[in-house]
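Per-entry structural report
One letter stands for each residue in the lines below.
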Amino acid sequence: MRLYTTGLLQLSPIKTNDKMKKVFLLFAVIVMVLPLAAQIHFREGSFAEALQAAKAENKLVFMDCYTSWCGPCKRMASQVFVLEQVGEYFNPRFVCVKIDMEKGEGVELRKKYDVNAYPTLLVLNAKGELLSRHAGYLEADKLIEFAENGVKGGGLTEMHKRYAAGERSVEFIRDYLAQLDDAAMSGTLHDVADDFLKDKADAVLTDENMYKLFRSYAKPGYAVFRPVYARKTELVKRYGEDAGLHLEKAWESGARKFLKRKARDIVGYDGTGLDAYYALMKKCKVPEAEGIRAAVLVYGTIAKKEWSSLLDALVTYSYFSRMVEDDVHYACSSLFYGQNNGQGWENAGERKRFATLLKERIKALKGKKDTSGRTMTIGDKTMPIMEYYCQSYEKMLKGLK
């Protein structure tokens, strides 16, 4: 074997003996291993094997619940888990595993631990019992702080015990719900908030702290929501017009759960569930129930390429007071190009309705000052986004003729 040292002008061979070879190989191994030792060591194998290892080594389990498409997951893997201070903390205390929640045993683990946001970071004992949990990206110091709560039995673990023991003060429930929200434990959060607020409609209207809890967590499906909504006038008088608007937006947010999703993509909608929700809104006299329903149908029908239903929903949505022009433009574009640039539209009545809608949007945007600050660049020309939408509507209208 020959090694070479390099200088500015020459390469000179260095003869080595067996002893030098061994030293060199040992040095190479050390150089390769050091970076691995400095970061979190995620083990291969199944979840059950991780629990067995934790029991044998008297450690806890740290589980990174991720997906292949999750940006923050990738950032943590490349920027946080590789840091020396993180590896030095985790490796002696935890059996660390990374599990894709959309593949293999990850699918069942996602259901077991109610994982619905990514990354979700779990600290478990050797029995698989949850000690601490966080959803979302964490910097190194915050990650270590989170894990330490699990080691010490603080954080959610302590909150669960206090709640099970019957503690129900407003201050405790507020902090407990905040931690559940931080951990993206939506199922438990719903149960705790719904149970705590169920008989507190009067308090919501008189106690500002109770109203803050209601505003932060209550949804139309909660027992307290409809009694409070029925007294909306009193609520507005006590807390202002924004309190009334929040109630209306809660109905709107509740309707979105009827969109069917696969990962981040909308793939359809639950028509039966949405119809029942619409009937409930009408029963509760929600003033813009039609617009709320249409907002869901716009995206659901695009996903299913139900063009006639999309046109119906789009016409209704265009008159909704909280209509978003971005959504209208997206829906119009989907409808137009879904009909082969308008040329494949066999139903003359639908073509006419769509043309009328486009004319209305052009009239609404033509000459209107765009205060959003957003722009669109087409070729060498940059224009305000609403001007671009207006030109796009004009192009579609021309294509219908």
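Residues numbered from 1 in each chain as written. Predicted model: local features only at pLDDT ≥ 70, side-chain atom pairs only at ≥ 80, totals over all residues. Heavy atoms only, no water.

Across the interface, helix α8 (residues 170-182) lies against helix α11 (residues 208-217) with an axial gap of 11 Å and an inter-helix angle of 20°. With respect to α11, the element α8 is oriented roughly parallel. The way α8 lies across α11 gives a crossing that is left-handed. Residues Val170, Ile173, Arg174, Leu177, Ala178 and Asp181 of α8 lie in contact with α11, whose contacting residues are Asn209, Met210, Leu213 and Tyr217. (Axes fitted to C-alpha atoms, helices over the stretch in contact; angles between N-to-C directions. Helix = DSSP H or I, 4+ residues; strand = E, 2+ residues; numbered from the N terminus. Parallel < 35°, antiparallel > 145°, perpendicular 65-115°, else oblique. Left-handed = near helix turned anticlockwise from the far one by under 90°. Contact = heavy atoms within 4.5 Å.)

On to helix α15 (residues 271-283). Its 13 residues place the ends of α15 18 Å apart at the C-alpha level, agreeing with the 18 Å of an ideal helix rising 1.5 Å per residue. Every buried residue of α15 is listed here: Gly273, Leu274, Tyr277, Leu280 and Met281. End-on, the buried residues of α15 take up no more than an arc of 115°, which puts them together on one face. Residues of α15 that are exposed and point over 90 degrees away from its buried face: Thr272 and Lys283. Against α12 (225-229), α14 (241-255) and α16 (289-304) lie the buried residues of α15. You can read the cap of α15 off the contacts: a side-chain oxygen lies 3.3 Å from the backbone nitrogen of Thr272, and it is on Asp270. (Expected span 1.5 Å × (residues − 1). Buried < 20%, exposed > 50% of the residue type's maximum accessible area, 1.4 Å probe, protein only. Arc of directions from axis to C-beta. Polar contact = N/O pair within 3.5 Å; in protein donor to acceptor, adjacent residues only side chain to side chain.)

Attention now moves to the state of the cysteines. Taken as a whole and assessed by the stated rule, the structure comprises one disulfide. The side chain of Cys70 participates in a disulfide bridge whose partner is Cys73; the two sulfur atoms lie 2.3 Å from each other. Measuring the twist about the S-S bond at about 85°, one finds the Cys70-Cys73 disulfide to be right-handed. A relative accessible area of 5% places Cys73 in the buried class. (Disulfide = S-S within 2.5 Å.)

Shape is all these values report; function is a separate question.
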